[in-house]
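# Structure at a glance
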Amino acid sequence: MVATLITLALLLPLAGFLVLVTFGKRMPEPWPGILATAAVGLGFVLAVIASLDFFAGTAHHGETITWFEWLPALGVEASFLLDPLSVLMTLVVTGVGALIHAYSIGYMHGDERYGRFFSYLNLFIFSMLVLVLGSNFAVLFVGWELVGLSSYLLISFWFERPTAAAAGKKAFVVNRIGDMGFLIALMLIFNTFGTLAFDAVFEQAPEALGAGLATGITLMLLLGAAGKSAQLPLYVWLPDAMEGPTPVSALIHAATMVTAGVY
């Protein structure tokens, strides 16, 4: 039951994105905003229902939802992990995201790319959910990169302004520096453990890691987190990113993407 509800909460923003990318330009205001908000809001309701059983202890903690075998050579599956942290983050992402979607319905009134804006917002929510629910470092990295793409699209949304286009490119480039650190960490993890699954890595870590290797992996992961959450030295994209619409600042910089670095 919990797995089904969380899966639906994950898929609803993706469905909203696909519908709006295909038909959003033909929809009159405010229907793209209503559709996008409903997709995220319904996801939040489903996540709340799932969390009632989960935090009450009647649901199985650590349950894995497997969609398909993704990278057989690396033993990687497209799968998602339900634990207290991931379920809590699902509530945060969908709950705060739904409020920002609702605010954006009025804020973006009259914009010529109204439907496209809400498709990007839905894509961002889906990306964040992939990030926080992934059961291995590979799926986490997919969510990580999709968040970076969504951030670029939203920050440079008013790309006809030179300052907005430059801000989007700056955010994209700076985050690629952090992502390089993340990739190096993934390579070290796979070389050491032979797997990218969280549970297997955490179980073997005390015996398999020496002090130097543990420090190196941690620092590379920290470099990736610094890019996403705008920490020193990769904070320079954040001031310029205010060129995007105000709801973007609320959704990306304050509420969700910055917390992904901490996550």
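In what follows, the structure referred to is the one given above.
One structure accompanies this document, and this report is about it.

Calculation rules
Just so you know, the residues in each chain are numbered from 1, in the order the chain's sequence is written. Under the rules for a predicted model, residues below a pLDDT of 70 receive no local features and side-chain atom pairs below 80 are neither given nor counted, while totals for whole chains, interfaces and linings still include all residues. Hydrogens and waters are ignored; side-chain quantities use all the structure's heavy atoms. Any Lys or Arg side-chain nitrogen located within 4 Å of an Asp or Glu carboxyl oxygen qualifies as a salt bridge. Relative accessibility under 20% of the residue-type maximum defines a buried residue, over 50% an exposed one, and the middle range a partly exposed one, all with a 1.4 Å probe and only protein chains included. Axes, fitted as lines to C-alpha atoms, cover a helix only where it is in contact. Angles between the N-to-C directions of the axes lie from 0 to 180 degrees. Put simply, DSSP marks the helices as runs of H or I at least four residues long and the strands as runs of E at least two long, and each gets a number from the N terminus on. The labels follow the angle: roughly parallel below 35 degrees, roughly antiparallel above 145, roughly perpendicular from 65 to 115, and oblique for the rest. By convention the crossing between two helices is left-handed if the near helix lies anticlockwise of the far one by an angle smaller than a right angle, and right-handed if it lies clockwise. Throughout, a contact is declared for two residues whenever any of their heavy atoms are within 4.5 Å. Any Phe, Tyr or Trp ring, taking Trp's six-membered ring, that has another such ring centre within 6.5 Å forms a pair; planes under 30 degrees apart are called stacked, those over 60 apart edge-to-face, and the others tilted. Lysine NZ or arginine CZ positioned within 6 Å of the ring centre and within 35 degrees of the ring normal marks a charge as sitting over the ring.

Time to look at the pattern of salt bridges. Counted under the stated rule, the structure contains 6 salt bridges. Across the pair Arg113 and Glu112 runs a salt bridge whose closest N-O atoms are separated by 3.1 Å. Arg113 gets classed as buried once you look at its relative accessible area, which sits at 11%. Assessed through its relative accessible area of 70%, Glu112 is described here as exposed.

Contact geometry of helix 4 (residues 114-133) with helix 5 (residues 137-155) gives a least axis separation of 8 Å together with a crossing angle of 155°. One element, helix 4, and the other, helix 5, form an angle in the roughly antiparallel class. Like other packed secondary-structure pairs, helix 4 and helix 5 cross with a definite hand, here left-handed. Contact residues: helix 4 offers Phe117, Tyr120, Leu121, Leu123, Phe124, Phe126, Ser127, Met128, Val130 and Leu131, while helix 5 offers Val139, Leu140, Gly143, Trp144, Leu146, Val147, Ser150, Leu153 and Leu154.

A word on the environment of Gly75. Position of Gly75 relative to the elements: it lies in the loop between strand 1 (63-71) and strand 2 (76-82). Spatially, the C-alpha atoms of Gly75 and Trp144 are 20 Å apart, while their sequence positions differ by 69 residues.

On to the packing of aromatic side chains. The full count for this structure, using the stated rule, is 12 aromatic pairs. Taking the centre distance of 4.8 Å and the plane angle of 80° together, the rings of Phe137 and Phe198 count as edge-to-face. Pair noted here: Phe137 is in helix 5 and Phe198 is in helix 7 (residues 198-208), with a separation of 61 residues, a long-range link. Residue classification places Phe198 among the buried positions, given a relative accessible area of 13%. Pairwise contacts between aromatic rings join Tyr114, Phe117, Phe118, Tyr120, Phe157 and Trp158 into one cluster. When the ring centre of Phe157 is taken as origin, the NZ or CZ atom of Arg113, which lies over that ring, is 5.2 Å away. In this arrangement the basic side chain of Arg176 is found over the ring face of Phe172, its NZ or CZ atom lying 4.3 Å from the centre.

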